[in-house]
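Given next are the chains, with one letter for each unit.
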Amino acid sequence: MKKRTSIALLVLVGAAAVAAYTTRSSWTGGNTNTQAPQRARIVAVEIAKAERKPVPVDVDSIGTVTPISSVALKSRVETTITSVHFEDGAKVKEGDLLFTLDSRQIDAQIEQAEGTLARDQAQLAGAERDVRRFTDLIGKGATTQVSVDNAKTQSDILAGTIRADQSALDNLKVQKSYTIIRAPFSGRISAANVKVGNFVRPADTAPLATINQMAPVYVSFAIPQRVLGDLREAMAAGSTSVIATIPNSGRSETGKVAMVENTVDSTTGMVTVRGIMSNPNETLWPGILVQTKLIVRTEDGVVVPTVAVQRSQTGNFVFMVKDGVARVQPVEVDRTFQGISVISSGLKGDEDVVVDGQLLLTQGTRVEARARKAGA
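Remember, predicted model here, so these are calculated numbers, not experimental data.

## Things to note about the overall build of the protein chain
Line of reasoning, step 1. Looking only at helices and strands, the protein chain has five helices and 22 strands in total.
Line of reasoning, step 2. Here the protein chain, with 376 residues, has 33% of them falling under the buried criterion.
Line of reasoning, step 3. Within the protein chain, residue pairs in contact and separated by at least 24 positions form 76% of the contacts whose partners lie at least 6 positions apart.
Line of reasoning, step 4. Split by element, the accessible area of the protein chain, about 23,000 Å² in all, is 52% carbon and sulfur.

Here it is in structure tokens:
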């Protein structure tokens, strides 16, 4: 009996619990299914301005620095080195004395030639006196015409001999000038391959030293043939510029296009261009590889950071922010350089575009600007 009573009580308690749950709205004073409206989501993003400004049209390439003038100094006479007047690797100016060669043998030959010339000049003077004397005598009938003719012939022979003597003397003086070697232009000289006492001769294959002109210098590089037409127009307008930068150093020199090769390489479709750099501080060293930037012209354009440009199946786009709302704006990218994209259509400039946080955005998402990261 007690067991049945317990079961009945449990049934009554369960029924009361179910009734209380179903009527909870009446005794709790409200509807528990009703929820407060949710606050719209706001995404924090980084924003940058689209700018309209002059943008260079350029071509990047790898170039080589070459000297405008380079000379290998050699001896033009067979003799020995008596003096070296420079330090290895030093800067030299045009006309600086570099080497002195032994000239004693040539000096002796010059003295001999001068003696021969003096002798023949004396003989010519005697022959001229004979001509004058025989001319006077023939007028008096004291000699024959043959004597006069012979005297004139001898005078002419000696005059020719003197010209030959003078030429031989001049040649020896030129030979002596070869014993003094001076710098033909300003530049930087290499280490001397010979020292005092070395015997040198014109047949030697190794130069005494080499001088390279350091300022200005050439930078040679290749560009695609599609740029050739624009480059020629820019050269005619005088608007070209070349920037040569040494890799991993940041040091650079600016110059202009000096020459375009007259043939396009048919195997590569590239044409060689030569720029000339003033290089006053010898930043560019002959033989080194440099990163070159050929600026063909400068034109106005709208630019945005490249990170702002997104890509989809329908093309490129950016998230443009206006009144705190992100909107998808399709754009066309003309070119990209140094982390900047040039926009040919889609933006007019001065728009706010999202550069970080795009993954959380869709059309119409509310956004707020956050501070840009350092170095961004």
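## Quick word on unusual backbone geometry
Line of reasoning, step 1. That bond from alanine 215 to proline 216 is cis: its omega, 0°, falls within 30 degrees of zero.
Line of reasoning, step 2. Position of proline 216 among the secondary structure elements: in the loop between strand E10 (209-212) and strand E11 (217-224).
Line of reasoning, step 3. The phi torsion at glutamate 282 lies on the positive side, around 55°, for a residue other than glycine.
Line of reasoning, step 4. Relative to the helices and strands, glutamate 282 resides in the loop between strand E14 (270-277) and strand E15 (289-305).
Line of reasoning, step 5. Within the chain, aspartate 323 stands out as a residue other than glycine whose phi angle is a positive 55°.
Line of reasoning, step 6. With respect to the element layout, aspartate 323 can be found in the loop between strand E17 (315-322) and strand E18 (325-330).

## Focus: the sheet that holds E10
Line of reasoning, step 1. On the basis of which strands lie adjacent, the open sheet formed by four strands has the order E3-E10-E8-E5 and antiparallel pairing. The open sheet has two edge strands with one neighbour each: strand E3 (70-73) and strand E5 (91-92).
Line of reasoning, step 2. Relative to E10, E3 runs antiparallel, the two being bridged by four bridges. Bridging from a neighbouring strand, leucine 73 pairs with alanine 209 of E10.

## Some remarks on the pattern of salt bridges
Line of reasoning, step 1. The final tally for this structure, using the stated rule, is 18 salt bridges.
Line of reasoning, step 2. Among the salt bridges present, the one from lysine 176 reaches aspartate 107, with a minimum N-O distance of 3.0 Å. With lysine 176 in helix H4 (residues 145-177) and aspartate 107 in helix H3 (residues 104-140), this pair connects stretches of sequence that are 69 residues apart.
Line of reasoning, step 3. Exposure remark for lysine 176: the relative accessible area of 34% places this residue in the partly exposed category.
Line of reasoning, step 4. Between aspartate 204 and arginine 201 there is a salt bridge, with the nearest N and O atoms lying 3.3 Å from each other.
Line of reasoning, step 5. One continuous salt-bridge network, built from bridges that share partners, spans Asp230, Arg297, Glu299, Asp334 and Arg335.

## Details of the packing of aromatic side chains
Line of reasoning, step 1. Counted by the stated rule, this structure contains two aromatic pairs.
Line of reasoning, step 2. Taking the centre distance of 5.3 Å and the plane angle of 85° together, the rings of phenylalanine 86 and phenylalanine 99 count as edge-to-face. One end of the pair, phenylalanine 86, is in the loop between strand E4 (79-84) and E5; the other, phenylalanine 99, is in strand E6 (residues 97-101), and 13 residues separate them in sequence. Exposure class is identical for phenylalanine 86 and phenylalanine 99. Each is buried.
Line of reasoning, step 3. Ring centres 5.5 Å apart and planes at 85° place the aromatic pair phenylalanine 317 and phenylalanine 319 in the edge-to-face group. Neither phenylalanine 317 nor phenylalanine 319 differs from the other in exposure class; each is buried.
Line of reasoning, step 4. We note arginine 133 situated over the ring of phenylalanine 134; from NZ or CZ to the ring centre the distance is 5.6 Å.
Line of reasoning, step 5. Its guanidinium or amino end placed over the ring of tyrosine 218, arginine 274 lies 4.5 Å from that ring's centre, counting from NZ or CZ.

## Digging into the confidence of the model for the protein chain
Line of reasoning, step 1. Confidence along the protein chain averages 88 in pLDDT terms, with 88% of residues attaining 70 or more.
Line of reasoning, step 2. Low pLDDT, under 50, characterises residues 27-34; the predicted model gives this stretch three contacts beyond four residues in sequence or across chains.

## Regarding the nonpolar core
Line of reasoning, step 1. Formed by 28 residues in total, the largest nonpolar core has its most connected members in Leu73, Phe86, Leu98, Phe99, Ile189, Leu208 and Ile211.
Line of reasoning, step 2. Of all the secondary-structure elements, those providing two or more residues to this core are E6, H3, H4 and E10.
Line of reasoning, step 3. By residue number, the principal contributor to this core is H3, which donates six residues.
Line of reasoning, step 4. Apart from residues no more than four positions distant in its own chain, isoleucine 189 is found in contact with Leu73, Phe86, Glu87, Gly89, Ala90, Val92, Leu98, Ala209, Thr210 and Ile211.
Line of reasoning, step 5. Core analysis: the second largest hydrophobic core is formed by 21 residues, Val219, Val227, Ile246 and Met277 among them.

## As for the packing of H3 against H4
Line of reasoning, step 1. Following both chains from N to C, one finds H3 and H4 inclined at 160°, their axes separated by 8 Å at the closest point. The orientation of H3 with respect to H4, classified from their angle, is roughly antiparallel. For the crossing formed where H3 meets H4, the hand is left-handed.
Line of reasoning, step 2. Within the contact of H3 with H4, the residues separate by chemical class into 16 nonpolar, 12 polar and nine charged.

Parameters and conventions
- Along each chain, numbering runs from 1 in the same order as the chain's sequence is written.
- Given that the model is predicted, a residue must reach a pLDDT of at least 70 before its local features are reported, and side-chain atom pairs must reach 80 or more before they are shown or counted; all residues, however, enter totals for whole chains, interfaces and linings.
- As a rule here, side-chain values come from all non-hydrogen atoms in the structure, and water together with hydrogens is ignored.
- Here a helix means four or more residues in a row that DSSP labels H or I, a strand means two or more in a row labelled E, and each is numbered from the N terminus.
- Three labels apply to residues, based on accessible area from a 1.4 Å probe with only protein chains included: buried if under 20% of the type maximum, exposed if over 50%, partly exposed otherwise in between.
- The contact criterion used is simple: two residues touch if any of their non-hydrogen atoms lie within 4.5 Å.
- Methods summary: accessible areas were calculated by the Shrake-Rupley approach with a probe of 1.4 Å, and residue burial reflects only the protein chains presented.
- By definition, two strands form a pair when at least two bridges between them are found by DSSP.
- The salt bridge definition used is simple: a Lys or Arg side-chain nitrogen within 4 Å of an Asp or Glu carboxyl oxygen.
- Paired rings are identified among Phe, Tyr and Trp, the last through its six-membered ring, by centres lying within 6.5 Å, and are further divided according to the angle between planes into stacked (under 30 degrees), edge-to-face (over 60) and tilted (the rest).
- Criterion for a charge above a ring: Arg CZ or Lys NZ at most 6 Å from the ring centre, at most 35 degrees from the ring normal.
- Per residue, pLDDT captures the predictor's confidence, and it can take any value from 0 to 100.
- Here the nonpolar core consists of buried residues drawn from Ala, Val, Leu, Ile, Met, Phe, Trp, Tyr and Cys, with membership extended through side-chain atoms lying within 4.5 Å.
- Geometry is summarised by axes, namely lines fitted to C-alpha atoms with helices restricted to the contacting stretch, and by angles between N-to-C directions that run from 0 to 180 degrees.
- Each angle is binned into one of four classes, with values under 35 degrees roughly parallel, values over 145 roughly antiparallel, values of 65 to 115 roughly perpendicular, and all other values oblique.
- Note on convention: the crossing is left-handed when the near helix lies turned anticlockwise from the far helix by less than a right angle, right-handed when the turn is clockwise.
- Polar here means any residue other than Ala, Val, Leu, Ile, Met, Phe, Trp, Tyr, Cys and Pro, which are nonpolar, and Asp, Glu, Lys and Arg, which are charged; Gly is therefore polar.

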